[in-house]
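A structural walkthrough
Read off the chains here:
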Amino acid sequence: MTRQAHAPAQPADALDGFRLDAHPMQEHFGPYGGSWIPEVLVPAATRIAHAWADARQDPDFLAEYAHLCRTFIGRPTPLQDAPRLTSHAGGARILLKREDLAHTGAHKINNAIGQALLAKRLGVTSVIAETGAGQHGVATATACALLGIECVVHMGSHDIERQHPNVVRMELLGATVHPVDEGTRTLTDAVSSAVRAWISDPEGTYYLIGSAVGMHPFPTMVRDLQCVIGHEARVQSLALVDQLPNAVVACVGGGSNSIGTFVPFVADEGVELHGAEAAGDGIDTPRHASSIAGGRDGVLHGAHTKLLQDDDGQVLPTHSISAGLDYPGVGPEHAQLAATGRATYHPVTDAQAMDALEVLCRTEGIIPAIESAHAIHLAVELASTRSSDEVVLVTVSGRGDKDLSSIIAWREGRLGDAR
Ligand SMILES: *Cc1c(COP(=O)(O)O)cnc(C)c1O
C-alpha cells in the first residue's frame, strides 16, 4: 500500500488552506437550530457567538489552531486504503479516515482545543464541561492542561462510579471532577449542573459543549472545528485515489464527527453522505437511540431538532451499547440534511456494530471505538452493493481501547444467549 508520505499532494495542504469561514455561520438550518434558551442565558450565549464570529475569520486564531492541530493533535490524521476490509465487503474500495490516531484517541480533541483557545481569547478563568462516559471530559481536561486554563467537569455520581478510569484521567490532567448527586445522577443531571455553574458566572467561565448540539453558536462552532476531518479527507482522497469518494460515511451521536466529515463534501453533488445512527436492539423496539429514523421535531438542549420523545413531548430513555451514541437528539444541521435528503441516515444495531468491530480488527489490525464500528458496518454494507471502481470513505472516529470492558461484557452476554 502506498503511504501518505509518497502521495503526490501533501495532506498538510488541507491544514494550510484550512478556512473556518468556508461555510457561513448559521443560527438556523432550515426549520432547525436556533436558541431556545431561558432569558438568563442569552447574554452568555450571545457573547460566545460574537467571539466565534470574530475568531473564525481571524488569521492569527486560525494559525494557532492549525499549529496545535499539527503539533499536539498529530494532524493530519491518515486516510488509508483498507484492502482486506474491501475484499471482505466485496465491492467498492473502502478508505479509512483515522481519527482514532488523533491525540487522546478520538476526534473530540479537535473541538476541545478550538473552544479552549476561544475561552482563552475571552479571558475567562475557568472552563466548565459536562460528561457522561467521560470522553468529552478527558478531551476538555487535556485541552485546558495544554493551555493552562482551570477546568471543572460536571459528572453524575453514578457515572463517576461506572467510568472510574476516565475520572482518574481527568484528575491526572489537573481537572476538578464535580460530582452531581441529583436526579438519576447521570448525564442529564450533569448538563443541568454545568449550565447552572455557567449562568452563575457567565463572564468568568466558558461552557465547552462537546458535540454539534445545543443552542447557537455551538452547532456551527463545533461543526467548523470538526470540519478539519472532511477538509483533510477531501484533499487526501484526491491524492490517494485521484477522485472524490462516491460515498462518505460516519457515525452520528450528537453528530460532530459526522458533520465535520460531511460538510466539506456537501457542495460536491456526486458525493453521497451517509450517517450511521445507533439502533440498539432495533428501531422497532424501545431500546435504541436513532433520533432521525425514530424521532420527531422538538426542542432539546436549546435547539429545534429531531429527538426521541413520547406523545406528550417527554424525552424518551435511549439505549446503545456505545456511550457516545446514546443521546436522544441530534445536531440541528443533521436534521436539515435529513429533511432535504442531502444526507441519508441508517439505523445500525448493537449486534451489527459489534460484528463490524471484530471484522475491522481482523482485516485491518485496528480496534475501533464501538461508536465507529457502527460506521464500519454501514460502510461495508454500502460498499458491498457497488462496483470495484467506486470509493467509500468512512471516518473511524475513535479507538476502541476505552471499550474493552463493554466488549468483554457483550461477548459474555452473547455466549449466554447461545446456550
Ligand atoms: C463521542 C464519540 C462519538 C459520538 O459523538 P459525535 O458528536 O456524534 O461525533 C463518536 N465516536 C467516538 C469515538 C466518540 O468518542
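Worth saying up front: this structure is predicted, and the values here are computed from it rather than measured.

Each helix and strand counted, the chain has 16 helices and 14 strands in total. With respect to the three principal axes, the spread of C-alpha positions in the chain is 55 × 55 × 45 Å. Burial status across the chain gives 58% buried among its 419 residues. Accessible surface, the chain: about 16,400 Å² in total, of which carbon and sulfur atoms supply 52%.

Once that is clear, we can look at the sheet that holds strand β14 (residues 391–396). Strands sit in the order β3-β4-β14-β9-β10-β13 across an open sheet of 6 strands; the sheet is mixed. Lying at the two open borders of the sheet, with one neighbouring strand each, are β3 (79–81) and β13 (343–349). Strand-to-strand twist in this sheet, taken as the mean axis angle between neighbours without regard to direction, amounts to 30°. Sheet topology places strand β9 (residues 247–252) next to β14; 3 bridges connect them, and they run parallel. Residue pairing in the sheet places V249 in a bridge with V394 of β14. Against the sheet, helix α13 (residues 332–340) engages β9 and β13, with an angle of about 110° to β13. Along the sheet, helix α14 (residues 350–364) makes contact with β3, β4 (93–98), β10 (272–280) and β13, crossing β13 at roughly 95°.

Splitting the chain by domain gives domain 1 (28–73 + 108–215) and domain 2 (79–105 + 220–411). The distance between the C-alpha centroids of domain 1 and domain 2 comes to 23 Å. Summed over both sides, the interface of domain 1 with domain 2 buries roughly 2,900 Å², with 64% coming from carbon and sulfur. Taken together, the connections running from domain 1 to domain 2 amount to 1 salt bridge. D224 is the partner of R56 in a salt bridge, and the nearest nitrogen-oxygen pair spans 2.9 Å.

Turning our attention to the nonpolar core. Membership of the largest hydrophobic core comes to 58 residues, with the highest contact counts inside it found for W52, L118, M170, W198, Y206 and M221. Broken down by element, this core gets its largest block of residues, 7 residues, from helix α5 (residues 108–121). When residues of this core are sorted by domain, at least three fall in each of domain 1 (28–73 + 108–215) and domain 2 (79–105 + 220–411). By size, the runner-up hydrophobic cluster in this structure holds 34 residues, among which are C251, A278, A373 and L378.

Where helix α3 (residues 59–73) contacts α5, the axes come no closer than 10 Å and their chain directions differ by 140°. The orientation of α3 with respect to α5, classified from their angle, is oblique. Relative to α5, the crossing made by α3 is right-handed. For the pair formed by α3 and α5, the contact residues are F61, E64, Y65, L68, F72 and I73 on the first element and I109, N110, I113, G114, L117, L118 and R121 on the second. Broken down by class, the residue content of the contact of α3 with α5 amounts to 9 nonpolar, 2 polar and 2 charged.

Right, let's get into the side chain of H136. Secondary-structure assignment places H136 in helix α6 (residues 135–147). For H136, a relative accessible area of 7% corresponds to the buried category. A distance of 3.5 Å separates a polar atom in the side chain of H136 from the backbone nitrogen of G210. Discounting chain neighbours no more than four positions away, the residues touching H136 are K108, A129, E130, T131, L208, I209 and G210.

Right, let's talk about the site of the ligand for a bit. Neighbouring the ligand are 16 residues, the closest being K108, S211, G255, S256 and S397. In the environment of the ligand, an oxygen atom lies 2.9 Å from a nitrogen or oxygen atom belonging to the backbone of N257. Interatomic distance of 2.7 Å between a side-chain N/O atom of S397 and a nitrogen atom of the ligand. For the ligand, whose unbound accessible area comes to 390 Å², protein coverage reaches 97%. Within the residue set of the shell around the ligand, elements represented by two or more residues are β9 and α11 (256–262). The residue makeup of the shell around the ligand, split by class, is 4 nonpolar, 10 polar and 2 charged.

So, about the sheet that holds strand β8 (residues 205–207). Taken together, the 4 strands give an open sheet; going across it, the order is β7-β6-β5-β8, and neighbouring strands pair in parallel fashion. Each edge of the open sheet carries a strand with a single partner, namely β7 (176–180) and β8. Each neighbouring strand pair of the sheet contributes to a mean axis angle of 25°, computed without reference to strand direction. Pairing geometry for strand β5 (residues 126–131) and β8, over 3 bridges, is parallel. By the bridge assignment, I128 is partnered in β8 with Y207.

Here we come to α3. The terminal C-alpha atoms of α3 lie 20 Å apart, and with 15 residues this matches the ideal 21 Å at 1.5 Å per residue to within 8%. Within the sequence span of α3, burial applies to F61, L62, Y65, A66, L68, C69 and I73. The arc enclosing the buried residues of α3, seen along the axis, measures out at 160°, which places them on a common side. Away from its buried face by more than 90 degrees, α3 exposes P59, D60 and T71. Among the residues of α3, the N-terminal cap falls to D58, whose side-chain oxygen and the backbone nitrogen of D60 are separated by 2.8 Å. With its phi angle positive at about 90°, G74 sits one or two positions after the end of α3.

Analysis parameters
- Residues numbered from 1 in each chain as written.
- Predicted model: local features only at pLDDT ≥ 70, side-chain atom pairs only at ≥ 80, totals over all residues.
- Heavy atoms only, no water.
- Helix = DSSP H or I, 4+ residues; strand = E, 2+ residues; numbered from the N terminus.
- Buried < 20%, exposed > 50% of the residue type's maximum accessible area, 1.4 Å probe, protein only.
- Areas by Shrake-Rupley, 256 points an atom, 1.4 Å probe, with all protein chains shown as cover.
- Pairing = 2+ DSSP bridges.
- Axes fitted to C-alpha atoms, helices over the stretch in contact; angles between N-to-C directions.
- Contact = heavy atoms within 4.5 Å.
- Domains from an automatic or database assignment.
- Buried area = accessible area lost by both parts, 1.4 Å probe.
- Salt bridge = Lys/Arg side-chain N within 4 Å of Asp/Glu carboxyl O.
- Core = buried A, V, L, I, M, F, W, Y, C linked by side-chain atoms within 4.5 Å.
- Parallel < 35°, antiparallel > 145°, perpendicular 65-115°, else oblique.
- Left-handed = near helix turned anticlockwise from the far one by under 90°.
- Nonpolar A, V, L, I, M, F, W, Y, C, P; charged D, E, K, R; others polar.
- Polar contact = N/O pair within 3.5 Å; in protein donor to acceptor, adjacent residues only side chain to side chain.
- Near = heavy atom within 4 Å.
- Expected span 1.5 Å × (residues − 1).
- Arc of directions from axis to C-beta.

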